[in-house]
Amino acid sequence: MSKKHTIDVDKFSLVKVKPSPRNFIFFREESCDGCGNCALICPMDLWRMRKGRASLLAKYRERCLECGSCYLACEKEAIEFGYPPAGSGVTYERA
Amino acid sequence: MKRYDLIVVGAGPGGSTAALTAAEAGLKTLLLERSAYPGEKNASGFALSSKAWRDFSFLQEMELPSMRYCRQCVAHFLSPPPEMEERFVVASGPSRRMSYPEARDFFTVGMLRREFDPFLVELAEKAGAELRLNSLVTGLVFEAGRVAGVRLEGGEEYRAPVTIGADGVLSLVARQAGLRDKWKPHEVTSVCIVDFTAPRERMDDVIHEAGFQAYFGPGMGGNFLIAYADGVHLGGPGVTNSLIARAVRKGIKPAKELLETLSAPPVQRLLRALEAEPREWQAHCLTWMDRMPENVCCGGLMLVGDAAGLPEPLYAEGVWQAMYSGRLAAEVAKEALEEGDFSPGFMRSYRERLEESPVGEEFVAGAQLRQLFEMLGDPRVCAELEEMAVDLAVHLLMTGQEPKAEAMGRIFSILAENVPALMSLARVYLPLLLQVSEEKMRFYASLLRGIRNIVENFLSGELGF
Ligand SMILES: Cc1cc2nc3c(=O)[nH]c(=O)nc-3n(C[C@H](O)[C@H](O)[C@H](O)COP(=O)(O)OP(=O)(O)OC[C@H]3O[C@@H](n4cnc5c(N)ncnc54)[C@H](O)[C@@H]3O)c2cc1C
Ligand code: SF4
Ligand code: SF4
């Protein structure tokens, strides 16, 4: 059988975000118990685990899909979520 | 500060239908949406159920470029990784026994939300509702303990005696009103979607009207493929594995599971046949409740759609629910204005009517419906059911390899061997049937109860897989 080309998805190249001018996800490090839920659930891999604590990548404002998964998955109330201001954030052209 | 009769927060299907209904009834209505255009951020399947055409006459005129009718649903059951080949496939057209003509004609219509949401908003505007885009609501205004308006990010305030919170799953309105903090991990799912475009002719040849397809397999949550005119959305995982509580317990990364499904050979072959190209990566959360939430209203406020947690308990379809609840809330708002009563007690009639409506009916036997999907998410149960289906199909119909009568005769032993599997199914199905039949077919109720007793006794020793 001939080798067929594989249809791959590079998710990072498939999102369009106008970076928010301000923060809209707020992380309270002192409440974090390092469970890793946020890092597991984030569809854009914007959370990292370091030294038993979570940290949010600084470039999240350029990549976040505003899905709120991290906020909903955190049971320690260490993540607060608002939306980026009107006119910024993710745009889905084919939602 | 401007005054209105009704403020609707969020111009998704729930908010727009509320605004349309209210404006048609003569209410001075303001519709606020944070996006630059309706649907801009509303990642979804999206396949609209035929129920919507039954209940909303304005859909008769809807013609959107992305629409594709689904008259065939397909479920593919795959073998476990790394093989992930098709072991069993069921495809079905609509049933002639459905209770209304649209459902006998089609299941759903696939389309893009970036076309559907603006279509609804335009209807609301034509009826007289005032739309404000780029308007992020960040707070509520309270007066005498009741919600009396909203505040935008810039500080601007709008007042109305009734507000409808149609701001989706992360509803800020619900939180600010103190109706809930946030959904618990066992109440909400996190789903990813890959959008593919494909030439329309390829879509017509390869997909035609098989517009809704699902991929199941041992350990998979049931990923879905929804076809529209010139492309498909592959989304997942399905509700079981995307349930946040389950994902974190089992270490399932939803985005990874979706990409694994994408790499399954049958999916790859389909995408190649379609000449499909990936265009967009999307993600969104979605409630998955086994009963209708209690706290959906308070003085001066009603929640509709996802903000209220209304997606149904089997596979969490939610757009028709959002539209239906939006219309109902607008009707209650009109009555409240006529009576001049915006008290929690009056608003409570919204919750009561919702419970009695077809939206509430979808929650009958909700726990069992959810359990059914959860069973498929269990790798061992799914594998057993898959192999049983294969055995039955092969021995009943596809017996070319062996003397036919002999092969067909094996059906009895196959059924007998699968008694535990069938019992497990019965454990979910019988209570479900009971709940429905108690209301609708009293005649059969006692008979079913008798059977349940026998089955329950039989199963009390934790019989199963
Ligand atoms: C992956 C996926 C697939 C799905 N597939 C289907 C399907 O095939 N069929 C189906 O029927 N359902 C499907 N659903 C469910 C469906 O998408 C939702 O139930 C539906 O969108 C709910 O409508 P809504 O109007 O309540 O909320 P939404 O559609 O979420 O609309 C809320 C609106 O409010 C706006 N908003 C939010 N916060 C604010 C604020 N603070 N200020 C101003 N505006 C705000 C948002 O921008 C948005 O426009 C799917 C869901 C997901 C996640
Ligand atoms: S989910 Fe919350 S508690 Fe767990 S690692 Fe992330 S921030 Fe910390
Ligand atoms: S909102 Fe969604 S995309 Fe953004 S950081 Fe949280 S999980 Fe990741």
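Right, let's get into the packing of aromatic side chains. Counted according to the given criterion, the structure contains 16 aromatic pairs over all chains. Relative to Phe81(A), the ring of Phe24(A) lies with its centre 6.2 Å away and its plane at 85 degrees, an arrangement referred to as edge-to-face. You can see Phe24(A) sitting in the loop between strand S1 (17-18) and strand S2 (25-27) and its partner Phe81(A) sitting in strand S5 (residues 79-81), a full 57 residues away along the chain. Residues Phe24(A) and Phe81(A) agree in their burial class; the two are buried. An angle of 45 degrees between the planes, with centres 5.3 Å apart, marks the rings of Phe46(B) and Phe116(B) as tilted. Linking Phe46(B) in the loop between strand S3 (29-32) and strand S4 (47-49) with Phe116(B) in helix H4 (residues 113-126), this pair joins segments that are 70 residues apart in sequence. In terms of burial, Phe46(B) and Phe116(B) fall into one category: buried. One aromatic cluster is present, formed by Phe77(B), Phe88(B), Phe216(B), Trp288(B), Tyr315(B) and Phe373(B) through successive ring pairs. Positioned above the aromatic ring of Tyr324(B) is the side chain of Arg327(B), whose terminal nitrogen or guanidinium carbon lies 5.3 Å from the ring centre. Over the ring of Trp288(B) we find Arg370(B), and its NZ or CZ is 4.5 Å from the ring centre.

The partner chain A presents 44 residues to the 52 residues of chain B that form the contact. Approximately 4,200 Å² of surface area, both sides summed, lies buried where chain B meets chain A, with 57% of it carried by carbon and sulfur atoms. Considering only the side of chain B, the residues that lose the most area to chain A are Leu170(B), Lys182(B) and Trp281(B), jointly responsible for 18% of the buried surface there. At the boundary of chain B and chain A, one finds eight salt bridges. At the boundary of chain B and chain A, one finds 29 residue pairs in polar contact (both at pLDDT 80 or more). In terms of residue count, strand S18 (residues 277-287) of chain B provides more of the side of chain B that touches chain A than any other element does, eight residues in total. Among the residues making up the side of chain B that touches chain A, the classes are represented as 26 nonpolar, eleven polar and 15 charged.

This part takes up the confidence of the model for chain B. Considering every residue of chain B, the mean pLDDT works out to 93; 97% of them sit at 70 or more. If you check the scores for this complex, the pTM reads 0.94 and the ipTM reads 0.96.

On to the pairing of strand S2 (residues 6-9) of chain B, then. With burial as the criterion, each face of S2(B) is covered, one bearing Leu6(B) and Val8(B) and the other bearing Ile7(B) and Val9(B). What joins S2(B) to S3(B) is helix H1 (residues 13-24) of chain B, and the crossover it makes is right-handed.

Time to look at the site of ligand 2. Contacts to ligand 2 come from 14 residues, most closely from Cys32(A), Cys35(A), Gly36(A), Cys38(A) and Cys74(A). Considered class by class, the residues forming the shell around ligand 2 number nine nonpolar, three polar and two charged.

With that out of the way, let us pick up the sheet that holds S18(B). Residues and elements named next belong to chain B. With respect to topology, seven strands assemble into an open sheet ordered S7-S6-S15-S16-S17-S14-S18, the strand pairing being mixed. Every other strand in the sheet has two partners, leaving strand S7 (86-92) and S18 as the edge strands with one partner each. Neighbour-to-neighbour, the strand axes of this sheet turn through a mean angle of 20 degrees, independent of strand direction. Across ten bridges, the pairing between strand S14 (residues 188-197) and S18 is antiparallel. Bridge pairing links threonine 189 to leucine 286 in S18. On the sheet, helix H6 (residues 200-207) packs against strand S15 (212-216), strand S16 (223-228) and strand S17 (231-236) and is oriented at approximately 125 degrees with respect to S16.

Attention now goes to the pattern of salt bridges. Under the defined criterion, the tally for this structure stands at 38 salt bridges over all chains. Residues Glu29(A) and Arg53(A) are paired through a salt bridge, measuring 3.4 Å at the closest nitrogen-oxygen approach. Note that Glu29(A) is positioned in the loop between S2 and helix H1 (37-41) and Arg53(A) in strand S4 (residues 53-56), a separation of 24 residues in sequence. On the basis of relative accessible area, Glu29(A) is assigned to the partly exposed category, the value being 41%. The partner of Glu130(B) in a salt bridge is Lys2(B), with the nearest N and O atoms 3.9 Å apart. With Glu130(B) in strand S9 (residues 130-132) and Lys2(B) in strand S1 (residues 2-3), this pair connects stretches of sequence that are 128 residues apart. Since its relative accessible area comes to 29%, Glu130(B) is described here as partly exposed. Of the residues examined, Lys2(B) reaches a relative accessible area of 46% and is grouped as partly exposed. Bridged by salt links that share partners, the residues Glu143(B), Arg151(B), Glu157(B) and Arg159(B) form one connected network.

Rules used throughout
- Residues numbered from 1 in each chain as written.
- Chains lettered and ligands numbered in written order.
- Predicted model: local features only at pLDDT ≥ 70, side-chain atom pairs only at ≥ 80, totals over all residues.
- Heavy atoms only, no water.
- Phe/Tyr/Trp six-rings, centres within 6.5 Å; stacked < 30°, edge-to-face > 60°.
- Helix = DSSP H or I, 4+ residues; strand = E, 2+ residues; numbered from the N terminus.
- Buried < 20%, exposed > 50% of the residue type's maximum accessible area, 1.4 Å probe, protein only.
- Lys NZ or Arg CZ within 6 Å of the ring centre and 35° of its normal.
- Contact = heavy atoms within 4.5 Å.
- Buried area = accessible area lost by both parts, 1.4 Å probe.
- Salt bridge = Lys/Arg side-chain N within 4 Å of Asp/Glu carboxyl O.
- Polar contact = N/O pair within 3.5 Å; in protein donor to acceptor, adjacent residues only side chain to side chain.
- Nonpolar A, V, L, I, M, F, W, Y, C, P; charged D, E, K, R; others polar.
- pLDDT = per-residue confidence, 0-100.
- Right-handed = clockwise from strand over helix to strand, strands pointing away.
- Near = heavy atom within 4 Å.
- Pairing = 2+ DSSP bridges.
- Axes fitted to C-alpha atoms, helices over the stretch in contact; angles between N-to-C directions.

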